[in-house]
Amino acid sequence: MPKITIDEKDYEVADGLMILQAIDDLGLLMSGVDIPHYCWHPKLPIDGSCRMCQIEIEGVPKLQIACNTPVKDGMVISTQSERVQTARQGVLELLLLNHPLDCPICDQAGECKLQDYSFDFGMPAGRTKEPRRVAKKAVDLGPTITFDQERCILCRRCVRFCREVPGTGELGVFNRGERSLMELFPGTQLDNDYSMNVADLCPVGALTTKDFRFKIRSWFLDDVETVCDRCSTGCNVYASRSNNKIYRFVPRLNDDVNDTWMCDHGRLSYKMGRENRLESALVGGKPASFIEGLRKASDLVRAASESGGTIVASASPFSSNEDLFTLRKLLETLGAPPATFSVPAGKADGILTQAEKAPNAEGARALGFQESDELAGAKLGIVFGHVLPATALTQVEKWILIDTHASDLSGKAAVVLPSRVVTEKDGSFTNHAKRVQRFRRVVEPSWEAWSEGALLQQIADFAGLDGWSEPWDAFAVSKRLCDEVPAFSGCGLTELGFCGCELSK
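Conventions we followed
Residues numbered from 1 in each chain as written. Predicted model: local features only at pLDDT ≥ 70, side-chain atom pairs only at ≥ 80, totals over all residues. Heavy atoms only, no water. Axes fitted to C-alpha atoms, helices over the stretch in contact; angles between N-to-C directions. Helix = DSSP H or I, 4+ residues; strand = E, 2+ residues; numbered from the N terminus. Parallel < 35°, antiparallel > 145°, perpendicular 65-115°, else oblique. Left-handed = near helix turned anticlockwise from the far one by under 90°. Contact = heavy atoms within 4.5 Å. Pairing = 2+ DSSP bridges. Buried < 20%, exposed > 50% of the residue type's maximum accessible area, 1.4 Å probe, protein only. Expected span 1.5 Å × (residues − 1). Salt bridge = Lys/Arg side-chain N within 4 Å of Asp/Glu carboxyl O. Disulfide = S-S within 2.5 Å. Phe/Tyr/Trp six-rings, centres within 6.5 Å; stacked < 30°, edge-to-face > 60°. Lys NZ or Arg CZ within 6 Å of the ring centre and 35° of its normal.

### Topic: the packing of helix H2 (residues 82-95) against helix H3 (residues 113-121)
Helix-helix packing is described using two parameters, namely the angle between the two axes and the distance between the axes. Where H2 contacts H3, the two axes come as close as 10 Å, and the packing angle between them is 140°. Here H2 is positioned oblique relative to H3, judged by the angle of their axes. At the point where H2 passes H3, the crossing takes the left-handed sense. In this structure, H2 contributes Arg-88, Gln-89, Leu-92 and Leu-95 to the contact, and H3 contributes Leu-114, Tyr-117, Ser-118 and Phe-121.

### Structural notes on the sheet that holds strand E18 (residues 370-371)
Ordered by their spatial adjacency, eight strands build an open sheet running E15-E14-E21-E20-E19-E16-E17-E18, and the pairing between neighbours is mixed. The open sheet has two edge strands, strand E15 (286-288) and E18, and neither has a second partner. As paired elements, strand E14 (residues 281-283) and strand E21 (residues 415-418) share two bridges and run antiparallel to each other. Bridge pairing in E21 places Val-283 opposite Val-415. Across the sheet, helix H7 (residues 290-306) touches E14, E15, strand E16 (311-315), strand E19 (378-384), strand E20 (396-403) and E21, and the angle it forms with E21 is around 130°.

### Re the sheet that holds strand E23 (residues 435-439)
Read from one edge to the other, the open sheet built from three strands follows the order E22-E23-E24, with strand pairing classed as antiparallel. Unpaired on one side and paired on the other, strand E22 (427-430) and strand E24 (501-502) mark the two borders of the sheet. Pairing of E22 with E23 involves four bridges; the strand directions are antiparallel. Along E23, the bridge assignment pairs Ser-428 with Arg-438. Against the sheet, helix H8 (residues 321-334) engages E22 and E23, with an angle of about 90° to E22.

### Let's talk about unusual backbone geometry
Phi is positive for Asn-276, which is not a glycine, with a value near 55°. Note on placement: Asn-276 falls in the loop between helix H6 (264-267) and E14. Phi angles above zero are rare outside glycine, and Lys-434 is one such case at about 65°. Structurally, the position occupied by Lys-434 is in the loop between E22 and E23. We classify Lys-434 as partly exposed; its relative accessible area is 41%.

### Brief notes about H2
Taking 1.5 Å per residue as the helical rise, H2 with its 14 residues ought to reach 20 Å, and the 20 Å between its terminal C-alpha atoms agrees with that figure. Taken residue by residue, H2 has Val-84, Ala-87, Arg-88, Val-91, Leu-92, Glu-93 and Leu-95 as its buried positions. Turning to H2, the residues buried within the fold contact strand E3 (54-57), strand E5 (76-78) and H3.

### Side note on the pattern of salt bridges
Within this structure, the stated rule accounts for 37 salt bridges. Note that Lys-137 and Glu-150 form a salt bridge whose closest N and O atoms lie 2.5 Å from each other. In this pair, Lys-137 is assigned in the loop between H3 and strand E6 (139-140) and Glu-150 in the loop between strand E7 (145-147) and helix H4 (157-164), connecting sequence segments 13 residues apart. Ionic pairing is found between Asp-148 and Arg-213, a salt bridge with its closest N-O pair at 3.3 Å. Remark: Arg-213 occurs in the loop between strand E10 (207-209) and strand E11 (222-227) and Asp-148 occurs in the loop between E7 and H4; sequence separation between them is 65 residues.

### So, the state of the cysteines
Using the criterion set out here, one finds zero disulfides in the structure. Cys-235 takes part in no disulfide bond, and the closest cysteine sulfur, belonging to Cys-228, lies 5.9 Å away.

### So, the packing of aromatic side chains
Evaluation of the coordinates by the stated rule reveals seven aromatic pairs. Seen from their ring centres, Trp-219 and Phe-220 are 6.3 Å apart, and the 55° between their planes marks the pair as tilted. Pairing Phe-249 with Tyr-270 gives two aromatic rings, centres 5.9 Å apart and planes at 65°, and the pair type is edge-to-face. Residue Phe-249 is found in strand E13 (residues 245-251), and its partner Tyr-270 is found in the loop between H6 and E14; the two are separated by 21 residues along the sequence. Given a relative accessible area of 7%, Tyr-270 falls into the buried group. Three or more aromatic residues joined by ring pairs form one cluster here, namely Tyr-38, Tyr-117 and Phe-121. One cation-aromatic arrangement involves Arg-88 over Phe-121; the distance from NZ or CZ to the ring centre is 5.3 Å. Here the basic side chain of Arg-420 rests over the ring of Trp-450, its NZ or CZ set 5.6 Å away from the ring centre.

Below, the structure is given as structure tokens:
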């Protein structure tokens with residue numbers, strides 16, 4: 001492995017890499033070795049257009065760009081010499097030549113690399129007196145993205161993304177020299193399933209999503225690690241929240257799952273936590289207090305159990321591993337057969353989107369649940385979610401529905417108890433590749449709702465079942481799951497790192 005010296009410190013790096021990639025792989029890029037960059041992105045082909053990452057290499061007469069210079073053994077690199085700093089100032093001055101200095105009204109302010117680098121590496125004031133180039137403002141590129149052409153610094157990240165990831169290639173840089181402009185190809189729209197990733201890639205606020213544009217300043221947000229639940233990929237995301245409200249999902253780096261991308265459908269799914277929610281219990285189809293619903297559900301469980309009637313359950317692939325494990329334990333306590341579950345299906349795209357449109361079908365399988373599109377005949381059914389239609393429950397005399405959203409099942413269940421969506425609780429999902437990933441509570445519902453596992457514990461406690469008096473806690477349940485189910489060994493909530501871990505074989 002090549003040994004190189006960067007700013008008088010020695011490092012050993014992997015062979016065959018460019019300098020910037022090697023530094024990034026060491027975890028030092030902008031975290032100990034400051035080499036500002038715009039066009040370079042670890043998941044895109046090298047472009048070398050911004051010239052911001054210039055460095056000085058001993059024995060090489062001219063400055064080199066770190067993104068496109070291969071590592072060589074014995075290389076001595078300076079990233080902070082006077083020549084380098086002067087070159088960076090020159091590049092920044094050039095980039096700002098036509099860029100509007102309107103940070104106070106720019107939606108990217110607070111998370112803009114041009115703003116950050118200008119403060120850290122730029123000149124204190126511009127020297128130009130000529131008017132800036134006139135370019136288009138608020139251009140509608142398609143259903144999801146707005147483009148402020150005057151802000152674009154032509155880093156071409158968006159162009160390479162559309163060409164390389166979705167393979168649609170709607171964007172290009174047209175004309176030459178100072179007349180170069182980023183545009184849509186004639187007759188096209190930016191309308192692919194991953195279009196909103198270009199806003200994440202844009203370092204300067206030229207591309208913004210219509211969904212988030214001018215909703216809130218970025219410094220009012222804090223980001224919470226969670227997982228998308230729209231398909232079995234389980235893309236890693238940050239949920240940006242403020243005042244108990246989620247404003248956006250943005251993808252979070254995980255090389256084993258989603259690189260740094262996510263689909264537009266998953267990105268906009270944060271809104272589903274607000275729409276058509278079940279906000280109160282229902283008893284016989286009529287609104288009831290939460291306690292009334294809980295007592296009625298426990299009465300049904302006790303009556304079915306004492307009469308020797310069969311109890312069946314339908315699990316949900318949208319429930320966490322911890323909620324599903326609690327259901328399994330309750331069924332064991334009642335002497336009922338293992339739960340079944342059904343998985344909604346759709347199209348896979350070969351990029352990130354999987355055919356299974358639920359985040360935790362693999363978790364249900366690992367817990368021993370079998371797939372079925374209907375429930376067997378029984379005196380009482382316990383149903384998670386609304387994946388199954390009402391026609392699949394015709395052989396069940398009565399059922400208790402634990403769900404997040406109103407559906408056809410809500411009005412037909414004997415009891416309905418409102419539960420929490422993924423952003424309102426702690427837990428883990430197991431994705432299609434058998435990777436267990438943790439999600440964290442982002443917001444609190446403004447009505448009484450609990451996770452499915454917590455509701456089952458309260459029903460069992462009210463019904464007087466032995467061993468169910470302890471309040472439900474996702475972390476305690478996770479530990480018990482790891483202890484009792486070998487596949488989940490080492491996959492507890494406190495053990496799962498930033499990127500999750502695979503089920504044991």
